[in-house]
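Chains, contacts and geometry: an overview
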Amino acid sequence: MKLRLDINGRKLRLHVPRGIRLLDLLRDYAGLTGTKYGCGEGQCGACVVLVDGVARKSCLLTAASAVGKKIVTIEGVASGQRLHAVQEAFLEHAAFQCGFCTPGMILAAAALLERNPQPSAGEIAAALQGHLCRCGTYPRIVAAVTAASRRKAARRG
Amino acid sequence: MGDALLADYKRREFLQLLGGGATLTLPLGSAETPVRVRLAENGIYEAFTGKIEMGQGARTLLTQALAEELQARVEKIRLVMGDTDRVPDDGGTWASLTAPETVPAARRDAAAFAGRPLTEPAQWRVLGTSAPPLHGREVVTGGLRYCSDLRVESMRHGRIVRPDAYRARLESYDDLAARKLAGVQVVREGDLLGVVAPDAQTAARAAALMRAQWKAEPLPDRDALMRSLRETAVPPVEVKDTRYPPLIRRGDVDTALGSAHRRLWSTYQTAPIAHAALEPRAAIAQWDGGRLTVFCGKQAPFLIRAELAKAFGVPETRVRVMVAMPGGAFGGKQRGECEWEAAVLARAAGAPVRVAWTREEEFRIAYARPPAVIDVESGVDAAGRLTAWRFRNYNSGAPGLAPPYAIPHMSNEFWRAASPLRQGSYRALAATANNFARESQVDEWAHALGRDPVEFRLANLEDARLREVIERGAARFGWGKRKAGAGIGFGMACNLEKAARLALFVETEGAGPALRLRRMVAVGDFGAALHPDNLRNQMQGAIIQGLGGALWERLEFDGDAQRTRRLSQYRLPRFRDIPDIAIELIDRREIASAGAGESPITLPAPAIANALFAATGERRRSLPLAVG
Ligand code: FES
Ligand code: FES
C-alpha cells in the first residue's frame with residue numbers, strides 16, 4: 001500500500017506492506033533506525049516516537065493510523081546542529097551506556113517537559129516507567145531530565 | 001554513522017543512500033595483517049582491537065589509553081574494533097578484562113609505536129579523567145548504527161520456524177501456504193527450518209504459515225531440575241593455571257569441621273535467568289564463493305569466526321566477522337547462533353540474508369544464566385572466628401568461588417552437572433550465585449553468634465582494602481544507627497571479586513512481592529580509576545541490573561516448553577524500583593586497575609536477603625527473593 005506521512009517535518013510517500021507497524025515503516029522503509037525494537041508489545045519504550053507531540057509506542061501503532069499526523073523521531077529532535085536541551089543533558093550526564101534505550105527516553109522526556117516544564121524526580125520516574133534501561137542508568141536519566149528542565153526554564157528566563 | 005568501524009567502511013567502501021537510510025556493501029576480504037597502531041592520513045592514528053564496545057565504555061577507555069601513550073588528543077585516534085580481518089585477537093569482550101589486560105596491551109603497543117617509555121600513572125593526562133563517551137553524540141541523535149540497524153545491498157530477510165518445545169527434532173513440514181507468498185524460499189538443514197523473503201514482514205508471515213511436526217523432548221519441572229543438578233554433578237579435580245579453578249583448598253576441612261566449636265549447614269539456590277539485553281540479536285551473512293562474511297553484534301568475534309568455520313567446514317581465514325555495537329550484551333552475546341542461522345539461509349538463498357531475533361526468540365532460544373544449587377558447611381572456634389568452610393556449587397560455575405575471609409581450613413568446589421537447559425555466560429558468571437550463598441552464610445553466623453554483621457566480617461577479614469571499603473560504606477550508610485523492625489531491614493554484603501573490593505549497604509521495606517529498596521550505599525575500590533565517571537556508571541548499572549535477579553527474575557518451564565516468552569512475563573528493574581543510590585569510589589592510582597563491568601552485580605542479592613532477615617527473621621536462601 002502507499003502511505004503519505006509527515007515525518008520530522010518532511011512529507012514522505014512510501015510504498016509499504018499492508019498492515020505494517022509504524023515502527024517497521026520507520027526502520028525499514030524510511031531509513032530512520034534511531035527508533036528501536038525491543039519487545040513489540042509496549043513494554044520497553046525503545047520504539048517511542050512523538051505523534052502530534054505525544055510520546056507513543058510505535059510498535060503498537062499501524063503506520064496507517066499515523067497518516068495526517070506529525071511524527072517526530074529521534075533524528076528530528078535537534079534543530080539542525082543544535083541539540084535539544086534533553087539531548088544536551090543526556091550527553092552532559094552520560095545518561096546512557098549502550099544507548100539503545102536512549103532515543104525513546106529522550107523523546108518521552110521531551111514530551112514530558114512540554115506538558116510539565118518542572119517535573120519532580122517522582123514525576124519523571126512515573127512518566128518514564130514504561131521505558132526499560134537494561135544497563136541500569138535510571139538515576140542518571142532522572143538527573144539529566146531534571147537538568148534539562150532547569151536549563152529550559154533558564155532559557156525562558 | 002557513529003561506529004568508527006562502520007565509519008571506516010563508509011569511507012573505504014561503496015555506500016548508497018536509500019530513503020535516508022544507509023546501505024552498506026559487505027566488503028570481501030582484506031589482506032592487511034593486523035597491527036595495533038598506524039599513522040593514517042592527516043595526522044590521524046588508526047588503532048585496532050579485537051575488543052568491542054557494548055556500552056561498557058571500552059571504546060572510550062582504549063582510545064584514552066592510546067592517546068595517553070601516543071601523546072595525541074583523543075579525537076586524533078580512530079579505533080577499529082572487532083573486525084577479524086583487521087584487528088589483533090584480544091580475546092572475547094568478557095570477564096572484565098579490558099581494563100586489566102587490554103588497556104596495558106594497548107599502552108605498551110602505543111608506547112612502542114611512539115618510541116617512548118610508558119607514561120607513569122602519576123603523570124597521566126588522559127587516563128584517569130572522565131572523557132565524554134565517544135559514542136555519545138550518535139547515541140543522543142539516533143545516528144548510532146547497532147547491529148540490528150545494518151542493511152546491505154541486495155539483502156534478503158530470514159526467519160526461523162521454531163518449535164513450541166524447548167528442544168525438538170523436526171519430523172516433517174508443509175510449506176505449501178508459505179511458498180505461495182511472492183519471493184519466499186524455504187530452507188531446511190537438519191532441525192533448522194527457515195524462510196527467506198524479500199522483506200521482513202513477508203518473512204514473518206511466511207514463517208507463520210509454515211506447518212511443521214516436531215518431536216519434543218520433555219523438561220523436568222522446577223523442583224526436579226534443581227534436584228537433578230545435585231544428582232548428576234561430578235566432583236572437581238584440581239586444575240592449575242586456569243582463570244576459574246574449580247577446586248580451591250587450604251588446610252584440612254574435614255577435620256576442622258569435625259572439631260569446630262559450632263557448625264552451620266545451609267543450601268542456597270538461584271534460578272535460571274535471561275540477559276534480556278534491550279537489543280535482540282541480529283546478523284547479516286553473505287557468501288562469496290567459499291568465503292563467508294558476517295556482520296553481528298557479538299562480544300567475541302574471533303570465537304564466532306571459529307564456530308562458523310567449524311560449522312561450515314571452511315578454514316578460519318575464509319570467514320570474516322565484523323562487529324557493530326550491540327545494544328547491551330551482559331555475557332549473553334558470546335556465541336554464534338543467529339550468525340550460523342543467517343549463514344545457512346544465505347548459502348541456500350545465494351544472497352546476503354539478515355536474521356533478526358524477536359524478543360520471544362531472545363527469551364526462548366538464547367542461553368540463560370545457569371541455575372545454582374550451593375551447599376555450604378562451615379564452623380567457628382570458641383572465639384567466633386571462621387575456621388572451617390566447605391562450599392559446593394552445583395552447576396553454575398567456578399568464578400568467585402573462594403571467600404575473601406581468612407579461613408584456615410577450606411574447600412571450595414564447583415561440581416559440573418548435567419543441566420537440561422541451554423546455559424552459558426552471564427555478567428559475572430557464577431560469582432553472583434557464589435556471593436549470594438557466601439554472604440548469606442556469613443550473615444547467618446553473625447546472627448547466630450549475636451554479633452553485628454559488619455563487625456563479624458571485619459573480624460574475619462585480613463584484606464586491608466576490603467576492610468576500608470566496608471568501613472567507609474558503614475560510615476556513609478550510618479550502619480547500626482537505627483534498629484531494624486516494622487518491616488524495615490538493614491543489610492550488607494561485600495566481595496573481593498576479580499581484584500575489586502566492594503561493599504553494598506541496603507535498607508529494605510516489606511517482604512514477599514511487596515519487598516522494595518529504600519536506600520543503597522555502595523563503595524568500590526577498583527585500583528586505579530582509569531575513567532572515574534564510567535566506573536560509577538558501571539557500578540551503579542550493575543547493582544541496578546542485579547536487583548532484577550535478586551528480586552524477581554526467573555525463567556519458567558513447563559512440560560516440554562519454556563513459558564517465559566515476553567517482557568510482560570518477566571519483571572525487570574524499572575524507574576520506580578530504584579531507590580536513592582550513593583556510589584563511592586576509592587581511587588588507588590598506584591595499583592593496577594581491576595575491571596568493573598561485572599563484579600558489583602554480585603552484591604544486591606545477599607545484601608537484600610540479609611536486610612530481609614534483619615527485618616523479618618526469615619532467612620530466604622533462594623533467588624529470586626520477592627516472589628510469593
Ligand atoms: S518495542 Fe515498542 S515498547 Fe518495546
Ligand atoms: S543504556 Fe543500555 S538499555 Fe539503556
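Residues numbered from 1 in each chain as written. Chains lettered and ligands numbered in written order. Predicted model: local features only at pLDDT ≥ 70, side-chain atom pairs only at ≥ 80, totals over all residues. Heavy atoms only, no water.

Observations concerning empty space enclosed by the protein
Residues and elements named next belong to chain B. By the definition in use, this model includes eight cavities of 30 Å³ or more. Approximately 510 Å³ is the volume found for the largest cavity. Surrounding the largest cavity, 35 residues form its lining, Gln56, Ser96, Gln538, Ala596 and Gly597 being those nearest its centre. For the lining of the largest cavity, the secondary-structure elements that each account for two or more residues are helix H2 (58–70), helix H3 (98–114) and helix H15 (532–551). Counting residues per element, the lining of the largest cavity draws most heavily on H15, which supplies three residues. (1 Å grid on protein atoms, 1.4 Å probe; cavity = no way out; pocket = protein on both sides within 12 Å on 5 of 7 lines; lining within 4 Å. Points joined across faces, edges and corners; volume = space filled by probe spheres on them. Helix = DSSP H or I, 4+ residues; strand = E, 2+ residues; numbered from the N terminus.)

Considering the sheet that holds strand E20 (residues 488–497) of chain B
Residue and element names in this part refer to chain B. A sheet is described by the order of its strands in space; here four strands give the open sequence E20-E21-E22-E25, paired in mixed fashion. Looking at which strands have only one partner, the edges of the open sheet turn out to be E20 and strand E25 (580–586). Mean inter-strand twist for the sheet, computed between neighbouring axes without regard to direction, equals 10 degrees. (Pairing = 2+ DSSP bridges. Axes fitted to C-alpha atoms, helices over the stretch in contact; angles between N-to-C directions.)

Concerning the sheet that holds strand E12 (residues 262–270) of chain B
Residues and elements named next belong to chain B. Taken together, five strands build an open sheet; the order of strands is E11-E19-E18-E17-E12 and the sheet is mixed. Looking at strand neighbours, the two that pair on one side only are strand E11 (247–250) and E12, the edges of this open sheet. Direction aside, the axes of adjacent strands within the sheet are offset by 10 degrees on average. Here seven bridges tie strand E18 (residues 386–394) to strand E19 (residues 409–415), and the two strands are oriented parallel to one another. Bridging from a neighbouring strand, Trp389 pairs with Met410 of E19.

Things to note about helix H2 (residues 85–92) of chain A
Within H2(A), the full set of buried residues consists of A:Ala85, A:Val86, A:Gln87, A:Ala89 and A:Phe90. Elements in contact with the buried residues of H2(A): helix H3 (102–115) and helix H5 (138–156) of chain A together with helix H4 (136–141) of chain B. Looking at the residues trailing H2(A), positive phi occurs at A:Ala94, about 40 degrees. (Buried < 20%, exposed > 50% of the residue type's maximum accessible area, 1.4 Å probe, protein only. Contact = heavy atoms within 4.5 Å.)

Re the environment of B:Glu339
Residue and element names in this part refer to chain B. For Glu339, the position within the fold is in helix H10 (residues 337–349). You can call Glu339 buried: its relative accessible area is 0%. Measuring from C-alpha to C-alpha, the distance between Glu339 and Ser568 comes to 27 Å, with 229 residues separating the pair along the chain. If we skip the residues at most four places from it in the chain, Glu339 touches Ala282, Ala283, Val294, Cys296, Lys298, Ile304 and Leu308.

With respect to the pairing of E20(B)
Residue and element names in this part refer to chain B. A large share of E20 lies buried, amounting to nine of its 10 residues. Relative to strand E21 (residues 500–509), E20 runs antiparallel, the two sharing 10 bridges. In the strand pairing of E21, Asn495 is matched with Leu502. As consecutive antiparallel partners, E20 and E21 are separated by two residues, and within that stretch Lys498 has a phi angle of approximately 50 degrees, a positive value.

Things to note about the nonpolar core
One finds A:Phe90, A:Met105, B:Ile470, B:Phe505 and B:Ile608 to be the most contacted residues of the largest nonpolar core, which totals 148 residues. Aside from chain neighbours lying at most four places away, what touches B:Ile608 is B:Val506, B:Thr508, B:Leu515, B:Leu517, B:Leu547, B:Ala550, B:Leu551 and B:Leu625. (Core = buried A, V, L, I, M, F, W, Y, C linked by side-chain atoms within 4.5 Å.)

Remarks on the pairing of strand E15 (residues 319–323) of chain B
If a strand is regular, its side chains alternate between the two faces of the sheet. All names here are of chain B. The buried fraction of E15 amounts to five of the five residues, a majority that puts the element mostly inside the structure. On E15, burial covers both faces: Val319, Val321 and Val323 on one face and Arg320 and Met322 on the other are all buried. The sheet contact formed by strand E14 (residues 291–296) and E15 spans five bridges and is parallel. Considered in E15, the bridge of Thr293 is made with Arg320. At this point the chain moves from E14, through helix H9 (residues 301–312), to the parallel E15, and the crossover so formed is right-handed. (Right-handed = clockwise from strand over helix to strand, strands pointing away.)

What about H15(B)?
With 20 residues, H15(B) should cover 28 Å at 1.5 Å per step; its first-to-last C-alpha distance of 29 Å lies within 8% of that length. By the criterion of burial, H15(B) is predominantly enclosed, with 18 of the 20 residues buried. (Expected span 1.5 Å × (residues − 1).)

Here we look at the pattern of salt bridges
Taken as a whole and assessed by the stated rule, the structure comprises 68 salt bridges over all chains. One salt bridge connects A:Arg151 with A:Glu88, and the closest N-O pair in it is separated by 2.5 Å. Separated by 63 residues along the polypeptide, A:Arg151 in helix H5 and A:Glu88 in helix H2 bring together distant segments of the chain. Given the relative accessible area of 23%, A:Arg151 is considered partly exposed. For the salt bridge of B:Glu46 with B:Arg86, the shortest nitrogen-to-oxygen distance reads 3.9 Å. With B:Glu46 in strand E4 (residues 45–49) and B:Arg86 in the loop between strand E5 (77–81) and H3, the pair connects residues that are 40 residues apart, well separated along the chain. B:Arg86 carries the same exposure label as B:Glu46, and that label is buried. Put simply, B:Arg465, B:Glu468, B:Arg472, B:Arg476, B:Asp525, B:Glu584 and B:Arg588 are held in one network by salt bridges that share partners. (Salt bridge = Lys/Arg side-chain N within 4 Å of Asp/Glu carboxyl O.)

A few points about the interface of chain A and chain B
Across the contact, 52 residues belong to chain A and 58 residues belong to chain B. Carbon and sulfur atoms supply 54% of the area buried between chain A and chain B, which totals about 4400 Å² over both sides. The salt bridge partner of A:Arg140 is B:Asp533, with a shortest N-O separation of 3.0 Å. Counting across the chain A and chain B interface gives 29 residue pairs in polar contact (both at pLDDT 80 or more). Listed by contribution, the elements that provide at least two residues to the side of chain A that touches chain B are helix H1 (22–29), H2, H3, helix H4 (121–127) and H5 of chain A. Among the elements that make up the side of chain A that touches chain B, the one with the highest residue count is H5(A) (five residues). When its residues are assigned to classes, the side of chain A that touches chain B shows 29 nonpolar, 15 polar and eight charged. (Buried area = accessible area lost by both parts, 1.4 Å probe. Polar contact = N/O pair within 3.5 Å; in protein donor to acceptor, adjacent residues only side chain to side chain. Nonpolar A, V, L, I, M, F, W, Y, C, P; charged D, E, K, R; others polar.)

Some details on the environment of B:Phe575
Looking at where B:Phe575 falls in the secondary structure, it is placed in the loop between strand E24 (561–562) and E25. For B:Phe575, the residues in contact, after removing those within four places along its chain, are A:Met105, A:Ala125, A:Leu128, A:Gln129, A:His131, A:Tyr138, A:Ile141 and A:Val142.

Looking at the packing of aromatic side chains
Residue and element names in this part refer to chain B. Applying the stated criterion across every chain yields a total of 13 aromatic pairs over all chains. Look at Phe477 and Trp479: their rings are 6.3 Å apart centre to centre, the planes differ by 40 degrees, and that puts the pair in the tilted class. A residue is classified by how much of its surface remains accessible, and Phe477, at 4% relative accessible area, is buried. Each member of the aromatic cluster is reached from another via a ring pair, and the members are Phe477, Trp479, Phe490 and Phe505. Sitting over the ring of Phe477, Arg519 keeps its end group 4.1 Å from the ring centre. Cation over ring: Arg571 sits above Trp552, and NZ or CZ is 3.8 Å from the ring centre. (Phe/Tyr/Trp six-rings, centres within 6.5 Å; stacked < 30°, edge-to-face > 60°. Lys NZ or Arg CZ within 6 Å of the ring centre and 35° of its normal.)

A word on the confidence of the model for chain B
Residues and elements named next belong to chain B. Taken over all residues, the pLDDT of chain B has a mean of 93, while the share at 70 or more is 95%. Scored below 50 in pLDDT, residues 1–23 makes 65 contacts in the model with residues more than four places away or belonging to other chains. Segment residues 25–31 is flagged for pLDDT under 50; beyond a separation of four residues in sequence, or across chains, it makes 21 contacts in the model. Listed scores for the predicted complex are pTM 0.95 and ipTM 0.98. (pLDDT = per-residue confidence, 0-100.)

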